[in-house]
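# Structure at a glance
Here are the chains, one letter per residue:
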Amino acid sequence: MISSRALRVPASPIRRLVPFADKAKKKGIHVYHLNIGQPDIETPSEWYKYIEKFKNKVVAYTHSQGILPLREKFAEYYRKWNIEVMPDEIIVTNGGSEAIMFALGVVCDPEDEVIVIEPFYANYAGFAAYLNVKLVPVTATPENGYRMPKKSDFEKVITPKTKAILFSNPSNPTGVVYTREEIQTIVEIAKENDLVIISDEVYREFAFDNKNSISAFEFNEIHDRLIIVDSVSKRYSACGARIGTFITKNKNFYSAALKLAQARLSPAEITQYGTIGLLNSSEEYMKKVMKEYEKRRDVAYEEIKKIPGVIAHKPEGAFYLSAKLPVDNAENFIKWMLSKFNVDGKTTMVAPLSGFYATPNFGLKEIRIAYVLDSEKIKDAIKIMAKGIEEYNKQKN
Ligand SMILES: Cc1ncc(COP(=O)(O)O)c(C=O)c1O
């Protein structure tokens, strides 16, 4: 009764272990959630101002590509990032998630291949499985700070079925912010092999140490083969708005994606208005948020570095840190932390990184930390994890 497609779609590694956390909470244990990218930062107040202003007598469908005032506002925002796109080159989507679906749906036939840099944002695997698209990984290693793999590593996996390269920059889950040279590698491969670039830039602002993240859009020569995926979820701490964008200058991609958008009718009307508010929020808000994340990044990295045997590099962006732990199996360790271990009634939940790899049995000792709690909590949570590692290994030996 169930399709092979539905069976193929993997459970999210970020949410899969939630029942273990629920059980711990039932026992009265406090769980620090460093497993999911749900920020605790307040959404800009402009969101509420715009939502309150919404007094239409009927909550209606909108144009499938989203309301024009919002697309105009997005175009204005992108201009500040030197991404010169017109409102009719933007489709408002139900989160970046739907933009990823549209991008894969527009570019790939069933059984086509898309190259991803693993570890990658785990839900790419879910969308690909749903569309019967094969993700072909090129591996970035913790030992190498998860930097961009070499050009030859990409070239080795290209086949006649390869249609696109999909990657996030800044990267979820590694926190790497790719340099111009690293993106140049992708650009060259795409040009030389006639591939589409799907550049997921939902963490655009989240680049630390006074660095700017570089959009793939900065490479003019690939505009006809570029789709940008974007979202307000992380930027404005507005994950529940479910508003993202699909951006392309390629008219064929745009009209194909618009047909997919028409099939789902429209994004929610009211949250599109709220998003105009988000895009009107002050630059001070963003500066404050970035400062806060940078502080958390520093705390998370300082603490994790203290754990003997851990391999971790200082993340440069997004709000994630990936690390290799000195344990036999990270997923078993996380389950153990949730079911068998606590310090003064508190324990820590992180995400196992194996689900962010397409290669079976890769990333088995790695984890992802989302530093979405305040610094004191992050410090405590990682200290608890450090004690957990010690105890877990004692029990194993
Ligand atoms: C890299 C990346 N892309 C896309 C998304 C999708 O986010 P949303 O659908 O909330 O916009 C996420 C969410 O975690 C993400 O980390």
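Residues numbered from 1 in each chain as written. Predicted model: local features only at pLDDT ≥ 70, side-chain atom pairs only at ≥ 80, totals over all residues. Heavy atoms only, no water.

### A short note on the side chain of R264
Heads up, the condition is: The helix count covers DSSP runs of H or I at least four residues long, the strand count covers runs of E at least two residues long, and both are numbered beginning at the N terminus. What qualifies as a polar contact is a pair of N or O atoms within 3.5 Å, subject to a donor-acceptor requirement within protein and to the restriction that residues adjacent in sequence count only when both atoms come from side chains. In this analysis, two residues are considered to be in contact whenever any of their non-hydrogen atoms come within 4.5 Å of each other.
In this structure, R264 sits in the loop between helix 9 (251–263) and helix 10 (269–279). A distance of 3.1 Å separates a polar atom in the side chain of R264 from the backbone oxygen of A261. Those residues within four positions of R264 in sequence are excluded, and the remaining contacts are S64, I91, V92, T93, N94, E98 and F102.

### Some details on the side chain of E89
Along the polypeptide, E89 turns up in the loop between helix 4 (68–80) and strand 2 (90–93). Within the structure, E89 has its side chain in polar contact with the side chain of K249 (distance 2.9 Å). Once you skip the residues sitting within four places of it in the chain, E89 turns out to touch E84, F246, I247, T248, K249, K251 and Y254.

### A short note on the nonpolar core
We apply this condition: As used in this record, nonpolar core signifies buried Ala, Val, Leu, Ile, Met, Phe, Trp, Tyr and Cys residues forming a set joined through side-chain atoms within 4.5 Å. Note on exposure labels: buried denotes an accessible area under 20% of the residue type's maximum, exposed denotes more than 50%, and partly exposed covers the range between, all computed with a 1.4 Å probe on protein chains only. The split into domains, and so the bounds of each, comes from an automatic or database assignment of domains.
One finds I304 and M385 to be the most contacted residues of the largest nonpolar core, which totals 136 residues. Among the elements that make up this core, the one with the highest residue count is helix 11 (residues 283–305) (nine residues). Each of domain 1 (4–42 + 284–396) and domain 2 (45–279) gives at least three residues to this core. Those residues in contact with I304 that lie beyond four places of it in its chain are V310, A312, L321, A323, I369, I382 and M385.

### Examining the environment of V136
Assignment of secondary structure puts V136 in strand 4 (residues 134–139). Not counting residues up to four positions away in its chain, the partners in contact with V136 are E113, V114, I115, V116 and V157.

### Describing the pattern of salt bridges
The following threshold applies: By convention in these notes, a salt bridge is any Lys or Arg side-chain nitrogen within 4 Å of a carboxyl oxygen on Asp or Glu.
Enumeration over the complete set of coordinates arrives at 34 salt bridges. A salt bridge links E316 to R147, with the shortest nitrogen-to-oxygen separation between them at 3.0 Å. Here the residue E316 occupies a position in the loop between strand 9 (311–312) and strand 10 (320–324), and R147 occupies one in the loop between strand 4 and helix 7 (151–157), the gap between them amounting to 169 residues. Overall, E316 belongs to the buried group, its relative accessible area being 16%. Residue R147 is classed as partly exposed on the basis of its relative accessible area of 22%. We note a salt bridge from K305 to E302, for which the minimum N-O separation is 3.6 Å. Of this pair, K305 and E302 both sit in helix 11, three residues apart, which is roughly one turn of that helix. With relative accessibility at 46%, the residue K305 sits in the partly exposed group. Overlapping salt bridges, with partners in common, bring together E201, R204, E205, D230 and R235 in one network.

### Structural notes on the packing of aromatic side chains
Selection rule: Two aromatic rings, drawn from Phe, Tyr or Trp (for Trp, its six-membered ring), form a pair once their centres lie within 6.5 Å of each other, and the interplanar angle then sorts them: stacked below 30 degrees, edge-to-face above 60, tilted otherwise. For a lysine, the NZ atom is tested; for an arginine, the CZ atom; a charge sits over a ring if that atom is within 6 Å of the ring centre and within 35 degrees of the ring normal.
On inspection of all chains with the given rule, the structure shows 18 aromatic pairs. Here the aromatic rings of Y357 and F362 are separated by 6.1 Å at their centres, their planes lie at 65°, and the arrangement is edge-to-face. Here F362 falls in the partly exposed class, since its relative accessible area comes to 35%. Through a chain of ring-to-ring contacts, the aromatic side chains of Y203, F206, Y293, F319 and Y320 assemble into a single cluster. In this structure, K53 packs its charged tip against the face of Y50, placed 4.1 Å from the ring centre.

### Structural notes on the site of the ligand
This is how it is decided: Only heavy atoms are used to decide nearness, and a residue is near a molecule or strand if one of them lies within 4 Å of it. Under the convention used here, a 1.4 Å probe and the Shrake-Rupley method define accessible areas, while residue burial counts only the protein chains that appear. Residues are grouped as follows: Ala, Val, Leu, Ile, Met, Phe, Trp, Tyr, Cys and Pro are nonpolar; Asp, Glu, Lys and Arg are charged; all remaining types, including Gly, are polar.
Looking at the ligand, there are 14 residues lining it, with G96, S97, D200, S231 and S233 nearest. Between an oxygen atom of the ligand and a side-chain N or O atom of N172, the distance comes to 2.7 Å. Relative to its unbound accessible area of 400 Å², the ligand is 94% covered by the protein chains. Top element by residues in the shell around the ligand is helix 5 (residues 95–107). It accounts for four residues. Class assignment of the residues belonging to the shell around the ligand gives a composition of four nonpolar, seven polar and three charged.

### A short note on the UniProt feature "domain: Aminotransferase class I/classII large" (unreviewed entry) in the protein
Put simply, the rule is: UniProt positions are given in the numbering used here, feature names are shortened, and annotations may be inferred rather than shown by experiment.
Feature annotation in UniProt assigns "domain: Aminotransferase class I/classII large" (unreviewed entry) to the following positions: residues 31–382. Regarding residues 31–382, the helix share stands at 37% and the strand share at 17%, and the terminal C-alpha atoms are separated by 12 Å.

### Concerning the sheet that holds strand 9
The following threshold applies: When DSSP locates at least two bridges between a pair of strands, those strands are taken to pair. Between N-to-C directions, angles cover 0 to 180 degrees, with each direction set by a line fitted to C-alpha atoms, over the stretch in contact for helices.
The four strands are arranged 9-10-13-12 in an open sheet whose pairing can be described as antiparallel. Among the strands making up the open sheet, the edge pair consists of strand 9 and strand 12 (351–352). Here strand 9 pairs with strand 10 via two bridges, running antiparallel. From the neighbouring strand, A312 faces strand 10, where its bridge partner is A323. Helix 11 rests against strand 9, strand 10 and strand 13 (366–370) of the sheet, and its axis sits at about 10° to strand 10.

### Some details on a nonpolar patch on the surface
What counts is decided by this rule: A patch is a set of surface residues, each over 30% in relative accessible area and not in a salt bridge, joined within 9 Å for like charges and within 5 Å for the nonpolar side chains Val, Leu, Ile, Met, Phe, Trp and Tyr.
Judged by side-chain polarity, M1, I2 and L7 come together as a nonpolar surface patch covering roughly 490 Å² of accessible area. Turning to its location among the elements, M1 is positioned in the segment before helix 1 (4–8).

### So, the sheet that holds strand 2
Read across the open sheet, the seven strands follow the order 2-8-7-6-5-3-4; overall the sheet is mixed. Strand pairing shows two members of the sheet lacking a second neighbour, strand 2 and strand 4, which therefore form its edges. Taken over all neighbouring pairs, the strand axes of this sheet differ in orientation by 20° on average, direction set aside. Judged from the five bridges that link them, strand 7 (residues 226–231) and strand 8 (residues 244–248) form a sheet pairing that is antiparallel. Paired with D230 across the two strands is T245, which belongs to strand 8. With respect to the sheet, helix 4 is in contact with strand 2, strand 7 and strand 8, its orientation differing from that of strand 2 by roughly 115°.

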